[in-house]
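Structural overview for review
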Amino acid sequence: MSETHDTHAAHVEKEYSILQIAMNLTIACLVSGIILATTYFITHPIAVEKAKMLEEQAMKDLVAEADTFNAVDGQEGWFSAEKGGSIIAYIVPSESKGYGGTIKIMVAVSTDGKVIDYNILSMNETPGLGDSAAKDFFRDRIKGKASDDLIVVKDPSNKENVQALTGATITSRAVTDGVRAAVDEVTEFTGGK
Amino acid sequence: MSTQINAAETLLSVSTAPYIKSEDTVSKIMWKVNLALAPAAIFGVIYFGVPALINIVVSIIAAVAAEYAVQKIRKVRITAFDGSAFLTGLLLAMCISPEMPPYMTAIGSVIAIVIAKHSMGGLGQNIFNPAHIGRAALMVSWPIAMTTWSTIKTPVDAVTSATPLGILKLQGYSELLETFGGRSELYKALFLGMRNGSIGETCTVLLVLGGLFLVWKKIINWQIPVVMIATVGILTWVFGPEGFFTGDPVFHMMAGGLIIGAFFMATDMVTAPITKKGQIVFAIGAGMITSLIRLKGGYPEGVCYSILLMNCVTPLIDLVIKPRIYGTGR
Amino acid sequence: MKVLKTFRGGVHPQDSKSYTRDKAIVEMPVPKKVVIPVSQHIGAPGIPVVKVGDDVKKGQLIAYNDTFITSSVHASTSGKVVDIGVYPSSYKNESLAIVIESDGLDEWAPGLPLHRDWESLDIKEIHQIVRDSGIVGLGGANFPSHIKISYGPEKKIDTFILNGAECEPYLNGDYRIMVEHTERLAAGVKIAMKSLNVKRGIVGIEDNKPEAVKAMTEALKGTDVQVVAVPTKYPQGAERMLIKVLAEREIPAGKRHSDIGVVGMNVCTIHSVANAVISGIPLIERVVTVAGDAVAEPMNVMVRIGTSFKDVIEFCGGLTKTPDKIINGGPMMGYAQGSMEVPVVKGVAGILAMTKEALCDGEEEACIRCGRCVEACPIGLIPSMLSILGERGRYEEAKEKFGILNCIECGSCSYVCPAKRNIVQYIRYLKNLNWEHSPHHK
Amino acid sequence: MRNLWNIYKKGLIDENPIFVLALSLCPALAVTTSVVNAFTMGLSVMFVITANNVSVSLIRNLVNPKVRVPVYITSIATIVTFVELVLEAFAPLLYKELGIYLALVVVFAIILARAEVFASKNKVIPSFFDGLGMGSGFTLAMVIIGVIRELLGSGTILGHTVLGAWYNPALIMILPPGAFLLIGYMIGGLKIYEAKKAKKLREVDAQ
Amino acid sequence: MYTAFMILVIMAVVGLIFGLILAVANKKFAIESNPLIHLVEEALPKGQCGACGYAGCIAYAEAVVTDPDVSPSLCIPGKAVVAKMVAELTGKAAAEVEPRVARIKCGGSADKAVNAFRYSGIQDCVAANYTQGGHKGCKYGCLGFGTCVKACPFDALEMGENGLPVVNQKLCTGCGACEAACPKKVISMQPLGAKVTVDCNSRDKGAAARKLCSSACIACGLCVKNCPHGAVKMEDNLAVVDPHICETICTEATCTAKCPTGAILKLM
Amino acid sequence: MTEYLLLFISAAIVNNFVLTRFLGLCIFFGVSKRLDASLGMGMAVTSVITLSSILAWVVYNFVLLPLDLVFLKTVVFVLLIASFVQLLEMVIKKYAPALYGMWGIYLLLIATNCVVLGVPLINAESNFTLMKSIVNALGSGVGFAIAIVLMASLREKLEYADVPKPLQGMGIAFILAGMLALSFLGFSGMIKI
Ligand SMILES: Cc1cc2nc3c(=O)[nH]c(=O)nc-3n(C[C@H](O)[C@H](O)[C@H](O)COP(=O)(O)O)c2cc1C
Ligand SMILES: Cc1cc2nc3c(=O)[nH]c(=O)nc-3n(C[C@H](O)[C@H](O)[C@H](O)COP(=O)(O)O)c2cc1C
Ligand SMILES: Cc1cc2nc3c(=O)[nH]c(=O)nc-3n(C[C@H](O)[C@H](O)[C@H](O)COP(=O)(O)O)c2cc1C
Ligand SMILES: Cc1cc2nc3c(=O)[nH]c(=O)nc-3n(C[C@H](O)[C@H](O)[C@H](O)CO)c2cc1C
Ligand code: SF4
Ligand code: SF4
Ligand code: SF4
Ligand code: SF4
Ligand code: FES
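Residues numbered from 1 in each chain as written. Chains lettered and ligands numbered in written order. Predicted model: local features only at pLDDT ≥ 70, side-chain atom pairs only at ≥ 80, totals over all residues. Heavy atoms only, no water.

Let us look at the overall build of chain B. Assigned secondary structure in chain B consists of 15 helices and five strands. Here the C-alpha atoms of chain B give a radius of gyration of 22 Å, agreeing with the 20 Å that 2.2 N^0.38 yields for 330 residues. Along the longest, intermediate and shortest principal axes, the C-alpha atoms of chain B span 85 × 55 × 35 Å. Counting contacts in chain B only where the partners sit at least 6 residues apart, residues at least 24 apart contribute 71% of the total. Per element, the accessible surface of chain B, about 11900 Å² overall, is 70% carbon and sulfur. Mean positive and mean negative side-chain charge positions of chain B (23 and 16 charges, respectively) differ by 11 Å. (Helix = DSSP H or I, 4+ residues; strand = E, 2+ residues; numbered from the N terminus. Rg over C-alpha atoms; globule rule 2.2 N^0.38 Å. Contact = heavy atoms within 4.5 Å. Areas by Shrake-Rupley, 256 points an atom, 1.4 Å probe, with all protein chains shown as cover. Lys, Arg positive; Asp, Glu negative; His and termini not counted. Charge placed at Lys NZ, Arg CZ, Asp CG, Glu CD.)

Here is the structure:
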């Protein structure tokens, strides 16, 4: 190594008591704690704010007409999208098993049980293949469909149902199944009311 | 003629015994394997048409050219025409869909030769089967192209663009029988090669004949193909779709790339264990992984990966399984 | 005939024996000059006991050493010692040699040959005769025979094996001795068994020599000696293989045959022992098979020790084609010679003159791990690995992990290798390598 | 000044943390599927390494040698958590993309190595430049890998289509095998360059 | 505020625990490693050539630090510079390291030397040497398979076009690895300052040597006569130069002038 | 039971740590030159991951979560693991010297390594139960061991091959890893968790 050594003396071993050594680290940790606490108090509110904004934005993207979103009591993770005070859609989380693992989605379902749109929160599908399920062209294939039409087919002429992504039938199925499950839940929820 | 032979050009030659050698050479072996594959390849060309031919030719040319270029660059002896690169190219082409865009095939060949073979030192030193590395690389690079098959007519006049294993994986066994019009029809199609699949994998009978030729010529040991195919047969039979012992071993043994893989690729001596016992372990392992992937995996077929995975175990097998040395306890 | 368990591995090269199989041994006339190296055996070289200018007689002792592991050297004809100096040799490249110019009379030393009733000799006397007669192993090892033949009691030897396998292609010397000098040989077997004090004797002959089996069976009828036809497979004649097949014992790694109670000796060796004990004739000549596609007239020749290869070949009609190699011994284990001026020494069983076409040699390529060498190796080594380690000078690994020291250098592996790898040479290279000074030791 | 430049420079190629030292490899493979991720990760590491070098250099005479390493680790962890908090607040999407690898910056060998080898023995300014150099080398390597992988694997750079529609992206480049292979050959390429340079140097030296 | 307090508490506790563990560990299980070894190793050129007599640079570093009897100037490639550094680090006195260089004592290039036979097999001098001593008629000459080239840890040897190795004096450190590798002992280490070198290794008698190689030393003794300082002697049919006389006393090499075969060479 | 088994196989093979998730690469490449060393390393990593996962789980679930100080997990985990490993090393050295000889020497090497920190972090992020954390850790460790042992055997074999000079060492190690990863892709899509 060609480093410049200016404090060789520091390497000379000295005797220290156990407590001295321990305190040295404790102080270091305390200093660290102070720095982190300060940072945390500055950034945390911003982070919470940002997260909320993002969430709102995401929901807004799903249901463009809505002006307010409220959590639905008793249904964890659900939101109702309201326009002028009346509920026009529900936004529900759903998940299913895809090619590379669990796919988590947020589905916006209109009160009459049709898919408005969905948003993939997390997935581990192959880039360029399965992950096209998040793209607009595939979302378009699902939008507006009711539960009964949410079936994956591999026949390009069939416009009723969901045309599978080339080379990623498994992902297509998983996403479609996830969406359908959400639609069914909403139907049950609204029907039960 | 006298015994005066000391003129410079007639100096005696001195080397170490033995002075007589068997007649086989590496190059002869390679060309014989090519020969054994030829019938199945020709069948593929006839059955799938011009695209198959183009892919085979492109693959072989790319492989040989890549080998030539690398050897020039590495400044080592040029052995590009000894038949081994040719064989890698041919085998790669035989394991891919006839519909593959030829430029992708060429890239696969170059990957096989440059990355899998010469990065490790060239002939005889590669750890992984070059053709399969080429195929696996193509599979991850362009999965859609790799799983787009020819459109063929099945015996019951339905048109399908799926391979038997593909139908099995995505639609199930009954659909498969329906497509082919019954079990015996299915077997016949598999045996004669009247089915969809990679260029060279379809015709079971020609592949087996080619394999037997190699066994007869003592180029491959019968143990690897027999044990590997049998393992797949047994496992797919035991772990059937409707509980134990409900599988269709005959179908699985002839479907997909198992026959060509077991006879021509698992037997690649460079990447298989060197002892017979080791080869049997290798074959059992490959058979097990093939069955596992076919029955439980994300892909319809697992021959390629099973061979690659066993390739990485080969050094360990060779380390553990050695012949007993004369006069030692073991 | 009982079916014998064979050894693992081995190869079946074309045996090429037909060139000289049916040709009776021809005595070659004494050449003008013989060059007799004082070192033709394992162990200390003989020290010349004659001076330049001395007259010597056929069978006279000309070099001798006091130590135990050595062998005596005798004049192979009568004449004058014209030089004592370093000459090229077919054994050990070069050696101090005594050059005798023949006087053409070929006169025996006084009292030779004689006739002894060997059965009345005691064991010690037999040992002494063998030692004085300069007999060494003619099966290729050149190990002084008096040592082997006196192992008897102290090494607990219980079996004597006569090695009549002659598994090397081309060579027929042992075979000719077995069919032409059957009685002498049979007497030699009995002498050896007496000398070793053993009851059990086995003669092993490859089953491609039925006449020899028949002749030996006939000659040894009524004795404790069993004549067994062993499967024809190279290297059946290697001691380890033959003992495994005949005595169903294995020689533990690093040990020798005598450690498991067996002594095996070659046909020619035992024939010479018989000649020495019965007729008092020391080892001054031996059978040499001269063959190969460049030789005019292949034959089995009885040659005086010290005759040059060139003279022998000329006796066989000279060369018809330019040879690529002149081989001392058989094609599997012999030594190619750089010159034809080298003398025939005790261990030379054959002289082969072969053209390039007959040799089927190719350029060395990379090992493709085909496993043929592993299948062929009679010892159970992994020759491919040894050759690869050889290329990289890794002696330690070759020894510790791959048992290189067990290799008998039979050449089966090189023979089968389709990549034409010089496996045996790599093995020798490694064995010779002084690790510390290896160029690869970085 | 020259001296500081030399300290800075060596991290770029001669002692490049990824290609030459083969340290902190995980992010080099995991987050280089796109240039943005690679660059952000690079910057984060650069920040951490520089800040940590400065901090270590500042406290180097206060630290008891027996707890040198743990104190340095504490320092690194603090800085990393700081980066995490900041990114979470100001770039939450990026924060999510980098995932667990951001937290793992704590244990990147290169950071501790620089603290041990350099900062604990040098004054603040050189330590700062050393950290900056190493961090730049790291970022440089990350971005190069990222560019190649994104270009070949998706046909884009920074999300913009570069190679046009004719290009059929080779997925292997954004998947693990491609990443390993790519780095393997890049290391090989660098070795050729180094060997040429070294031979020239030695010949010059001898004269 | 509660959170802030908890952060501090947690950090303090963690620090304390770790600190205590470490402190105890250090008290009880301190392993002494000598940093000097590392420093010495850093100073060595790391050719791993073994010229020092140890199995690599680390081994030598360890030995020279721990064993007071080991000289600091054993590293030949490092020359005086390294010896001085090692001596300083270890507090030992450095002996003079004499700069040496490898010289090839054979002029029997392909066009000058006669071959006895053709050799085929492993292309390596050691392997060829035990196959009847190699193909060269002269049993003392260079076989030309470049085993020495492979052995040189410093890339200082190259195979010349005429089948003899060539030493690159700029790169040769005099480590002697090539000397050890050569089966014919054709290479020897000579002082850098020597004025002449004998370019032959043959111990054959004059007539025999001349027959086998046109540049052989035929032991005619003219060089011996022509050296005014008595530096050249005839040993075993071969001229041998005393390098020290040649290096220190000789001012103008005259011994080479009369050599009929050019077996004794003037160096620049 | 099957759930745990699947989790284990998924962690060990399908989503192999080294080959598909890129963790622990420094030691993977650093210690895979020799087979015996890699075996020792594999064992050491497995045990350390498992034990530190348990510790981290306890701290996370009983301290950090209740106090809502999740953001401190990086700092706390890293110090915790480092000190724990140090202690482990001491104990083994003192009470089981044979074991220490086998793999103790690798312990300090991995004290601050991303694989050992990564697993507890993943466990925490996935909200695994204690049992699941342990299984995940064991699986990851075994997967690491498999990968490094295979790698070492391949590298030992390539020591006798004519690998082009520039690729010798690290270069070929990466290329081998690439091909290993390519082979392991055969398992992809096998288990969906
Ligand atoms: C590298 C690779 C990644 C893949 N990733 C996915 C994926 O993310 N999603 C998916 O459904 N199929 C994926 N597959 C394809 C599946 O193996 C399977 O062939 C496919 O789902 C069948 O669909 P198809 O009928 O449309 O061809 C992938 C294949 C490969 C080779
Ligand atoms: C020797 C050989 C090995 C093969 N190995 C595999 C493999 O491991 N995985 C795979 O998906 N296809 C493999 N194939 C191709 C398949 O046999 C078959 O063509 C393909 O799997 C068809 O299935 P598909 O429906 O993907 O969608 C191989 C082909 C050959 C000739
Ligand atoms: C590969 C090999 C082949 C051998 N073949 C024969 C053979 O055919 N006949 C023979 O007598 N000795 C053969 N030998 C030599 C024997 O091993 C053994 O040395 C010899 O029979 C001992 O007898 P001797 O001392 O009389 O020579 C062979 C040795 C080896 C290593
Ligand atoms: C029986 C046999 C099978 C072979 N199988 C393959 C193969 O599957 N893939 C391949 O690339 N080369 C194969 N080869 C050719 C050759 O061994 C291959 O190019 C080497 O792996 C390159 O080092 C085979 C050769 C023989 C003799
Ligand atoms: S020469 Fe040695 S390695 Fe080769 S077959 Fe014979 S015993 Fe085996
Ligand atoms: S026979 Fe030759 S090519 Fe075959 S494994 Fe042995 S050494 Fe290699
Ligand atoms: S030429 Fe010889 S002495 Fe000089 S450096 Fe190379 S090996 Fe050492
Ligand atoms: S000097 Fe020696 S080692 Fe070098 S090429 Fe000549 S004989 Fe070989
Ligand atoms: S082990 Fe992951 S960065 Fe080093």
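Take the overall build of chain F next. Helix and strand counts for chain F come out as ten helices and zero strands. Secondary structure of chain F in N-to-C order comes out as α-α-α-α-α-α-α-α-α-α. Principal-axis analysis of the C-alpha atoms gives chain F an extent of 60 × 45 × 30 Å. Buried positions account for 66% of the 193 residues belonging to chain F. If you take every contact in chain F between residues at least 6 apart in sequence, the share linking residues at least 24 apart comes to 76%. Total accessible area on chain F is roughly 6300 Å²; 70% of this is exposed by carbon and sulfur atoms. (Buried < 20%, exposed > 50% of the residue type's maximum accessible area, 1.4 Å probe, protein only.)

With that out of the way, let us pick up the arrangement of the chains. Most contacts, when the 13 pairs of chains in contact are compared, are made between chains B and C. With no contact formed, the shortest span from any C-alpha in chain A to any C-alpha in chain C equals 23 Å.

This part is about the site of ligand 2. Residues and elements named next belong to chain B. Close contacts around ligand 2 come from 21 residues, with Arg135, Trp149, Glu201, Glu301 and Cys304 the closest. A distance of 3.0 Å separates an oxygen atom of ligand 2 from a polar side-chain atom of Ser198. Within the backbone of Cys304, an N or O atom sits 2.6 Å from a nitrogen atom of ligand 2. When isolated, ligand 2 has an accessible area of 590 Å², and the protein chains bury 96% of it. Counting only elements with at least two residues in the shell around ligand 2, the list comes to helix H5 (130-141), helix H13 (258-265) and helix H15 (303-320). Residue classes in the shell around ligand 2 are distributed as nine nonpolar, nine polar and three charged. No fewer than three residues from each of domain 1 (26-146) and domain 3 (220-320) sit in the shell around ligand 2. (Near = heavy atom within 4 Å. Polar contact = N/O pair within 3.5 Å; in protein donor to acceptor, adjacent residues only side chain to side chain. Nonpolar A, V, L, I, M, F, W, Y, C, P; charged D, E, K, R; others polar. Domains from an automatic or database assignment.)

Across all of its chains, the model carries 30 aromatic pairs over all chains by this definition. Aromatic pair Phe47 of chain D and Phe82 of chain D: ring centres 6.2 Å apart, planes at 25 degrees, arrangement stacked. With a gap of 35 residues between them, Phe47 of chain D in helix H3 (residues 35-59) and Phe82 of chain D in helix H4 (residues 68-90) connect regions that are remote in the sequence. On the basis of relative accessibility, which here comes to 39%, the residue Phe47 of chain D falls in the partly exposed class. Ring geometry for Phe108 of chain D and Phe138 of chain D: centres 6.4 Å apart, planes at 40 degrees, overall tilted. A residue pair is termed long-range when its members are at least 10 positions apart, and Phe108 of chain D in the loop between helix H6 (100-104) and helix H7 (109-117) and Phe138 of chain D in helix H8 (residues 124-154) qualify at 30 residues. Taking the relative accessible area as the measure of exposure, Phe108 of chain D reaches 3% and is therefore buried. Members of the aromatic cluster, each reached through a chain of ring pairs, are Phe180 of chain D together with Phe22, Phe28, Phe29 and Phe174 of chain F. (Phe/Tyr/Trp six-rings, centres within 6.5 Å; stacked < 30°, edge-to-face > 60°.)

Before going further, it helps to spend a moment on the interface of chain B and chain C. With 45 residues of chain B in contact, the opposing surface of chain C contributes 72 residues. Here chain B and chain C share an interface that buries about 4900 Å² over both sides, 56% of which is from carbon and sulfur atoms. Its largest share of buried area at the contact with chain C, chain B owes to Tyr19, Lys21 and Tyr326 of chain B, together 19% of the area lost on that side. Where chain B packs against chain C, one counts five salt bridges. Across the pair Glu375 of chain C and Lys276 of chain B runs a salt bridge, and its minimum N-O distance is 2.9 Å. Seen at the junction of chain B and chain C, the total is 23 residue pairs in polar contact (both at pLDDT 80 or more). When residues of the side of chain B that touches chain C are traced back to their parent elements, those giving at least two are strand E1 (13-14), helix H1 (26-48) and H15 of chain B. (Buried area = accessible area lost by both parts, 1.4 Å probe. Salt bridge = Lys/Arg side-chain N within 4 Å of Asp/Glu carboxyl O.)

Attention now moves to the environment of Ile243 of chain C. All names here are of chain C. Following the sequence through the fold, Ile243 ends up in helix H6 (residues 239-247). Judged by relative accessible area, Ile243 falls into the buried class, the value being 2%. For the pair formed by Ile243 and Pro88, sequence separation is 155 residues and the distance between their alpha carbons is 35 Å. With sequence-adjacent residues up to four places away left out, Ile243 is seen in contact with Ile161, Glu248, Arg249, Ile251, His257, Ile260 and Val262.

Before going further, it helps to spend a moment on helix H1 (residues 2-14) of chain F. Residue and element names in this part refer to chain F. Taking 1.5 Å as the rise per residue, H1 with 13 residues should run 18 Å; its terminal C-alpha atoms sit only 16 Å apart, a clear shortfall. Considered for burial, the residues of H1 that qualify are Leu7, Ser10, Ala11, Ala12 and Val14. Turning to H1, the residues buried within the fold contact helix H2 (17-21) and helix H9 (130-158). (Expected span 1.5 Å × (residues − 1).)

Let us now look at the environment of Met94 of chain B. Assignment of secondary structure puts Met94 of chain B in helix H3 (residues 84-94). Discounting chain neighbours no more than four positions away, the residues touching Met94 of chain B are Leu37, Ala40, Ala41, Ser198, Ile199, Gly200, Glu201 and Ile260 of chain B.

Moving on, we get to the pattern of salt bridges. On inspection of all chains with the given rule, the structure shows 44 salt bridges over all chains. Among the salt bridges present, the one from Arg324 of chain B reaches Glu250 of chain C, with a minimum N-O distance of 2.3 Å. Here Arg324 of chain B is found in the segment after H15, whereas its partner Glu250 of chain C is found in the loop between H6 and strand E12 (262-266) on a different chain. The salt bridge involving Asp324 of chain C is made with Lys356 of chain C; its shortest N-O contact spans 3.7 Å. Here Lys356 of chain C lies in helix H9 (residues 356-359) and Asp324 of chain C lies in the loop between helix H8 (309-315) and strand E15 (325-328), a separation of 32 residues in the sequence.

On to the site of ligand 5. In the vicinity of ligand 5 there are 14 residues, among which Cys377, Cys407, Cys410, Gly411 and Cys413 of chain C approach most closely. Every element with two or more residues in the shell around ligand 5 is listed here: helix H13 (412-416) and helix H14 (423-432) of chain C.

Residue and element names in this part refer to chain B. Along its sequence, chain B is carved into domain 1 (26-146), domain 2 (151-196) and domain 3 (220-320). Contact with domain 1, which involves 20 residues of that partner, is made by 14 residues of domain 3. Connecting domain 1 to domain 3 are zero salt bridges. At the boundary of domain 1 with domain 3, the tally comes to two residue pairs in polar contact (both at pLDDT 80 or more). Those elements that provide at least two residues to the side of domain 1 that touches domain 3 are H1, H3 and H5. If you tally residues by element for the side of domain 1 that touches domain 3, the top one is H5, at seven residues.

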